[in-house]
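Spelled out, the chains give:
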Amino acid sequence: VGSIFLQPDSRFQQSQGDKTYRRLSGLRVFDRVEVSYDTSGVGKLGVANARIGLLPGKPQTMTSEVYATNRGGFFGTTLSVGYRHRNVFKSLGFIQAQMNVGLEAQQSFTRNGNDGQVDQVLNKNTFFNTISIGPEITMGFPRPFTGLFSKSSGSRLLVNTLFNYQRRPDFTRTLVKGGVGFEWNETATKTWGFYVADLNVIKIPSKSPEFEDFLIRTNDPVFTNSYTSHLIVNIPRATFTWNTQGTKFRRNVYYLRSTGELAGTVVRGVQDIFQKNAVQLVDTLTGRDYRTLFGVRYSEYVKMDHDFRINRMIHDRSSLAFRVAAGIGIPLKNLEVLPFESSFFGGGANGMRAWRARSLGPGSYTAPLLAYDRIGEIRIEANFEYRFKLIGYLEGALFTDVGN
């Protein structure tokens, strides 16, 4: 009832009809929503009979995907299984669960027997020496605060939990994530998200001796702090999405997604108020003091990330696509670098496509271990594509990428 704004015996307003359509579509439980009007036999000016047609979607769905990867000659495979219930507890809320399992071959650190130096090689008989497995569950409930979001559509309370276990040749890492937030549609094209709290617990329970030697030899806080146990507490995290796709016929389709994060600062402020004598530990690599939460060092940074795209239709068989992406993260006092999970990287299928993921830059930087992950605090990318249809479902594209 709270999603219908067309009232009996009231004067017709197209805006109320559009608002009703957006609100019903935003519930995400109907495959089709139709609002039609009939003025025959009414006999009054500005009055019409409204008919709302709803086609319910399947309450429960299962999905599965299997795909293979080839990263510079290292093969891998990933299996993803998903489940979605669109009317959990008969509240028009949803629950979505997903399980991902990935296997991949990656280079590992080994000690050179002649001079004791650490090299990175992949044995010929190595097959899928890296495993990544983890479930993710997201729950959403519509209309959490009616008054606050009365002018919006599709407002919902979101609760997200995730666990990921990753075993690589050189270390083992676990990630536990939980978050609570709100999303709402300001208009048919604008969506806001405000996440009150995001907590990420990253643990590195084990490292190989060769990998430990490499971290010591590099004497680099970026690498060392990226591969130590830490917390990421985002209070808050905000997103904004502008997407004109699907709003009538447009020759140009625009898409913008902006994200802002503030991590650790609120935790430090609370400690300053309630724990004035909080224990200060010393980083053995940098000599700087730092604080912990529940005995684990927490990250402290501010980060902005933007992704803007334009898709221009030439005709029904070809189009042009432009994309500009830029982001910056500024580490603050408690951890002098961005954590690995929040850092930027170049390469991969969705960025600089001539490089493997995390293999580009920064700048003209080169290292003896060419396959080692490369991350940074700033990213700038641009892409241009000419897309065209070939035969049937087969399509092609010419593209160029620039960035670092």
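Quick notes on the rules
- Residues numbered from 1 in each chain as written.
- Predicted model: local features only at pLDDT ≥ 70, side-chain atom pairs only at ≥ 80, totals over all residues.
- Heavy atoms only, no water.
- Phe/Tyr/Trp six-rings, centres within 6.5 Å; stacked < 30°, edge-to-face > 60°.
- Helix = DSSP H or I, 4+ residues; strand = E, 2+ residues; numbered from the N terminus.
- Buried < 20%, exposed > 50% of the residue type's maximum accessible area, 1.4 Å probe, protein only.
- Lys NZ or Arg CZ within 6 Å of the ring centre and 35° of its normal.
- Salt bridge = Lys/Arg side-chain N within 4 Å of Asp/Glu carboxyl O.
- Arc of directions from axis to C-beta.
- Expected span 1.5 Å × (residues − 1).
- Pairing = 2+ DSSP bridges.

J.: Help me understand the packing of aromatic side chains in this model?
T.: Geometrically, a pair of aromatic rings is defined through the distance of the ring centres and the angle of the planes. In total, this model carries eight aromatic pairs according to the counting rule given. Relative to Phe-384, the ring of Phe-322 has its centre 5.2 Å away and its plane inclined at 45°; by these criteria the two rings are tilted. A residue pair is termed long-range when its members are at least 10 positions apart, and Phe-322 in strand E19 (residues 318-331) and Phe-384 in strand E20 (residues 378-391) qualify at 62 residues. Assessed through its relative accessible area of 34%, Phe-384 is described here as partly exposed. Connected via pairs of aromatic rings, a cluster forms that spans Phe-171, Phe-211, Tyr-227 and Phe-340. Against the face of Tyr-290 rests Arg-297, its NZ or CZ located 4.0 Å from the ring centre. Above the ring of Phe-399, the side-chain terminus of Arg-353 is found at 3.8 Å from the ring centroid.

J.: Please explain the pattern of salt bridges as it appears in this structure.
T.: Where charged atoms from two side chains of opposite charge come close, those side chains can pair. Evaluated as defined, the whole model comprises 15 salt bridges. Between Asp-305 and Arg-379 there is a salt bridge; the shortest N-O distance is 2.9 Å. Taken as a pair, Asp-305 in strand E18 (residues 301-315) and Arg-379 in strand E20 lie far apart in primary sequence, 74 residues in all. The partner of Arg-323 in a salt bridge is Glu-381, and the shortest N-O contact between them spans 3.3 Å. Remark: Glu-381 occurs in strand E20 and Arg-323 occurs in strand E19; sequence separation between them is 58 residues. Grouping residues by exposure puts Arg-323 and Glu-381 together as buried. Among the charged side chains, a salt-bridge network with shared partners connects Asp-307, Arg-309, Arg-323 and Glu-381.

J.: Hey, could you run me through helix H2 (residues 209-218) in this one?
T.: Since the α-helix packs 3.6 residues into each turn, any two residues three or four apart lie on the same face. Among the residues of H2, Phe-211, Phe-214 and Leu-215 are the ones counted as buried. One side of H2 carries all its buried residues, which in axial view fall inside an arc of 95°. Residues of H2 that are exposed and point over 90 degrees away from its buried face: Pro-209 and Ile-216. Among the residues trailing H2, Asn-219 stands out with phi positive, at a value near 50°.

J.: Please explain helix H1 (residues 14-26) as it appears in this structure.
T.: Here H1 spans 18 Å end to end across 13 residues, near enough to the 18 Å set by a 1.5 Å rise per residue. Residues of H1 that are buried include every one of Gly-17, Lys-19, Thr-20, Arg-23, Leu-24 and Gly-26, and no others. Just downstream of H1 lies Arg-28, where phi reads positive at about 65°.

J.: Before we go on, may I ask you to explain the pairing of E20 in this structure?
T.: The side chains of a regular strand alternate, first on one face of the sheet and then on the other. As paired elements, E19 and E20 share eleven bridges and run antiparallel to each other. Looking at the pairing, Val-324 lines up with Ala-382 of E20. Count of turn residues in the E20/strand E21 (residues 394-403) antiparallel hairpin: two residues, of which Gly-392 carries a positive phi of about 60°.

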